[in-house]
Amino acid sequence: MEQRKLLELLEEMSLEEKINQLFQGNGSFYEGGSIATGPASEQGFSEKTIREAGSVLSIVGAENIKKIQKAHMENHPHHIPLVFMADIINGYKTAFPIPLAQGAAFNPKVAKEGAEVAAKEASAAGIQVTFSPMLDLVRDARWGRVMESNGEDTYLNSVYAKALVEGYQGDDPKQPGKIGACVKHFAAYGAPVAGRDYNNVELSERTLRDDYLPAYEAAVKAGALLVMTSFNTLNRMPSSANKWLLRDILRGEMGFEGTVISDWAAIEEIRNHGVAKDRKEAAKLALLAGTDIDMMTTCYSNYLKELIESGELDEALLDEAVLRVLELKNKLGLFENPYKDADEEAEKKVLLCEEHRRKAKEAAKETFVLLENDGILPLKKEEKVAFIGPFTEEKAIIGAWSIFADEKDAVSVKEGVAAIGANAIFAKGCDSLEPGAVMPGMNFIYESSRTQTQAQMMLDEAVEAAQKADKVVLCIGEHMAQTGEAASRADITIPEGQKKLLREIARVNKNIAVVLFNGRPLDIREIKELAKAVLVVWMPGTEGGNAIAEVLYGETAPSGKLPMSFPYAVGQVPVFYNEFKTGRRMNPDQPENRFQSRYMDIPNEPLYSFGYGLSYTEFSYSGVKLSSGNLERNGKITASVTVKNIGSRKGAETVQLYIRDEEGSVVRPVRELRGFEKLWLDPGEEKEVSFTITENMLKFHDINMKYTAEPGRFTVFVGGNSRTLNQAEFCLTF
Ligand code: BGC
């Protein structure tokens, strides 16, 4: 539709109709194509609001969506279609590895392909917008939602941001098989104080701008259609009421022209934060700040009319927000094609199709991170291996946000190993959580009816299996219900029963390879001590078991690198590689010096740092060669290394470029990732990798909050992880 026509439509709409266009209700308000007044009125929504709503979340299925859309348009005074939105995070029916795992691939193609598959499946099922990507930078493993992020690094997240938006939307979200992307949670939701979900955020403006905003901005620049506000406060202001954040930064500085949606009930929560005295004031603050859509509260639908009629709010503000909702529908082509790609036949064809499963498996294989291996991996098919642990059979490995995927479709480790035809025996050993445990997940409840006696029998059986085997693969970790939204944890170790299993098995068989399932970095000191190999597989998705079996048996080598540091102990968090220089940086050569920035009881360094990960082979690096020791304004230099596979198996290495600004007008990080390249090399093969360094890569917010690079000395590090000392120096001169 032409813009002119959208404006005409806006003009024709009544005040109430416009207000209702800003309302987003949820799937439970509709039943078999008609409005289910019960659930809606229980929550305070009138039938008229639902009938005139602009969008809806969490309804899926082509047939259902088509029915609802048809009825909605027929009943709507201007026949305006709904937009159907949903949380399609790491896949719709075919679950890819969780986003944190995707970050570990250090390969944006993995994310892009995952988003393409998700868009194809979700669009066939009628979904038009996904609440993804989540681009919150994460540095605190206690926060359950780190699983939805690509990790702790600004640059890595920005590269992934672009890939994800391109994957969902393609060149034009109108096209078949594409859906709109919604960047979330704006802003800095990943930094809640103490790692507790929904808690406040305290960040300096400089850190916000240098570290937290760039990934959101990369997604905005890639054309994401929507941005979602975050639950947290920033500068003591809830994001949905933060005019500075939404109008000045998002729209003004980043140039975002799309639609802003609140997170679930976030407008009403402005009142809980104590910034608004009631829902009416919350509505006023949110609209003034630039929040267009009200997800699931009565704030806009019940109070905007009064606010406008009394002159407290200018109707022009409402018109602006409504126009953005209409524009969103137009960008998705819904005025011409309100059902978009919803198609029962296509659903049958694409959901969980072979091609998507294959892609999910390939993606998973790229995300596993080998933290330790004293040579017991890869396994050989002839050796007798006991696969032990709750995750041998577990199918809840698709990621906490895979709310539309079915666990039953997932391949367990047991099934994956069986498919390979290896000499394996299996014993569960224990459940994921303790006997009698009850834990609500995102859309299920974990409940154990196991008695202590039964638990002991399982354990005994596993010990017996371990005694009979050459090697043990121990599949342990945190349960999916312990990860995701509202899953903050103060103790980030594996559950007690699994620790006991590990200890008991280690008593009878020392050849243990741990396969670790996790939605966050865990404290794995004890695992490191008792196991000879540790393979982190995260929540690997629908094809998890097949991917794990293929990597364990060496059909391909693990090639992931950590996107988030694994702390030595929870007491270190937030812990991240690009920390700031301190006045008393720890000097390991002076252990007798008390007055240094350090802990008395644990090291400063995480157990495994960002960027770390092994392969089944080894790589050597040449020194860093710079094309010049001098970088001029608007100029460029290159940093090159030659990387060689010096082992006997094919493997991948992610070559990482870090830069340290030696002096700045404000304190600078010890180093920052500025480039990476993943290479597959055959035994004996070598390749030169070159990174171009430009002035832009050296920019930050200086003492005057100006985004600039300052002349001076810089150190370049190129290597296989964030602690590499392979370095060279150059100067930036103007
Ligand atoms: C989450 C969002 C999500 C929304 C809609 C909220 O609880 O924070 O990430 O998109 O629900 O399901």
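For the structure, see preceding data.
Source: prediction; values computed, not measured.

Basis of the calculations
Residues numbered from 1 in each chain as written. Predicted model: local features only at pLDDT ≥ 70, side-chain atom pairs only at ≥ 80, totals over all residues. Heavy atoms only, no water. Buried < 20%, exposed > 50% of the residue type's maximum accessible area, 1.4 Å probe, protein only. Helix = DSSP H or I, 4+ residues; strand = E, 2+ residues; numbered from the N terminus. Pairing = 2+ DSSP bridges. Polar contact = N/O pair within 3.5 Å; in protein donor to acceptor, adjacent residues only side chain to side chain. Contact = heavy atoms within 4.5 Å. Salt bridge = Lys/Arg side-chain N within 4 Å of Asp/Glu carboxyl O. Axes fitted to C-alpha atoms, helices over the stretch in contact; angles between N-to-C directions. Parallel < 35°, antiparallel > 145°, perpendicular 65-115°, else oblique. Left-handed = near helix turned anticlockwise from the far one by under 90°. Nonpolar A, V, L, I, M, F, W, Y, C, P; charged D, E, K, R; others polar. Near = heavy atom within 4 Å. Areas by Shrake-Rupley, 256 points an atom, 1.4 Å probe, with all protein chains shown as cover.

*Asks:* Looking at this structure, I do not really get the pairing of strand β31 (residues 727–733). What am I missing?
*Replies:* Two faces make up the sheet, and in a regular strand the side chains alternate between them. In β31, alternate side chains face the same way, and those of Ala-728, Phe-730 and Leu-732 are buried while those of Gln-727, Glu-729, Cys-731 and Thr-733 on the opposite face are not. Where strand β23 (residues 630–632) meets β31, three bridges bridge the pair, whose relative direction is parallel. Looking at the pairing, Glu-632 lines up with Thr-733 of β31.

*Asks:* I tried to follow the side chain of Thr-229 on my own but got confused; where do I start?
*Replies:* Along the chain, the position of Thr-229 falls in strand β8 (residues 226–229). With relative accessibility at 0%, the residue Thr-229 sits in the buried group. At 2.8 Å, the side chain of Thr-229 and the side chain of Ser-240 are in polar contact. Excluding residues that lie within four positions of it along the chain, Thr-229 makes contacts with His-185, Phe-186, Ser-239, Ser-240, Leu-246, Val-260, Ile-261, Ser-262, Asp-263, Ala-266 and Thr-291.

*Asks:* Explain unusual backbone geometry here, please?
*Replies:* With the exception of glycine, the majority of residues adopt a negative phi angle, and the majority of peptide bonds are in the trans configuration. Looking along the chain, the bond that leaves Phe-186 and enters Ala-187 is cis, with omega of 5°. Its place among the elements puts Ala-187 in the loop between β7 (180–186) and α9 (205–221). For the bond running from Val-573 to Pro-574, omega is 0°, close enough to zero to count as cis. With respect to the secondary-structure elements, Pro-574 resides in the loop between α21 (544–552) and β21 (619–621). The phi torsion at Ala-188 lies on the positive side, around 65°, for a residue other than glycine. Located in the positive-phi region is Lys-340, a residue other than glycine, with phi close to 45°. With respect to the helices and strands, the residue Lys-340 is situated in the loop between α14 (315–331) and α15 (344–350). When its relative accessible area of 8% is taken as the criterion, Lys-340 is described as buried.

*Asks:* When you look at the pattern of salt bridges in this model, what are you seeing that I'm missing?
*Replies:* Oppositely charged side chains are able to pair whenever their charged atoms sit close together. Within the structure shown, the criterion is met by 61 salt bridges. The salt bridge partner of Lys-499 is Glu-496, with a shortest N-O separation of 2.8 Å. Pair noted here: Lys-499 and Glu-496 are both in helix α19 (residues 496–508), with a separation of three residues, about one helical turn. When its relative accessible area of 11% is taken as the criterion, Lys-499 is described as buried. Between Glu-653 and Lys-561 there is a salt bridge, with its nearest N and O atoms 2.9 Å apart. Taken as a pair, Glu-653 in strand β25 (residues 651–661) and Lys-561 in the loop between α21 and β21 lie far apart in primary sequence, 92 residues in all.

*Asks:* How should the packing of helix α1 (residues 3–12) against α14 be read in this particular structure?
*Replies:* Packed helices, taken two at a time, are described by their axes: the angle between them and the distance between them. Closest axis-to-axis distance for the α1/α14 pair is 10 Å, and the angle between their directions is 135°. It follows that α1 is oblique to α14 by the angle criterion. Read as a crossing pair, α1 and α14 show a hand that is right-handed. Seen from α1, the contacting residues are Gln-3, Leu-6, Leu-7, Leu-9 and Leu-10; seen from α14, they are Asp-319, Val-322, Leu-323, Leu-326, Glu-327 and Asn-330. Here the contact of α1 with α14 is built from residues that sort into seven nonpolar, two polar and two charged.

*Asks:* Would you explain the site of the ligand in this entry?
*Replies:* Lining the immediate surroundings of the ligand are 13 residues, of which Asp-87, Arg-145, Lys-184, His-185 and Asp-263 lie closest. One of the side-chain nitrogen or oxygen atoms of Lys-184 is found 2.8 Å away from an oxygen atom of the ligand. A distance of 2.7 Å separates an oxygen atom of the ligand from a polar atom in the side chain of His-185. The protein chains hide 92% of the 310 Å² of surface that the ligand would expose on its own. Its residues assigned to classes, the shell around the ligand comprises seven nonpolar, one polar and five charged.

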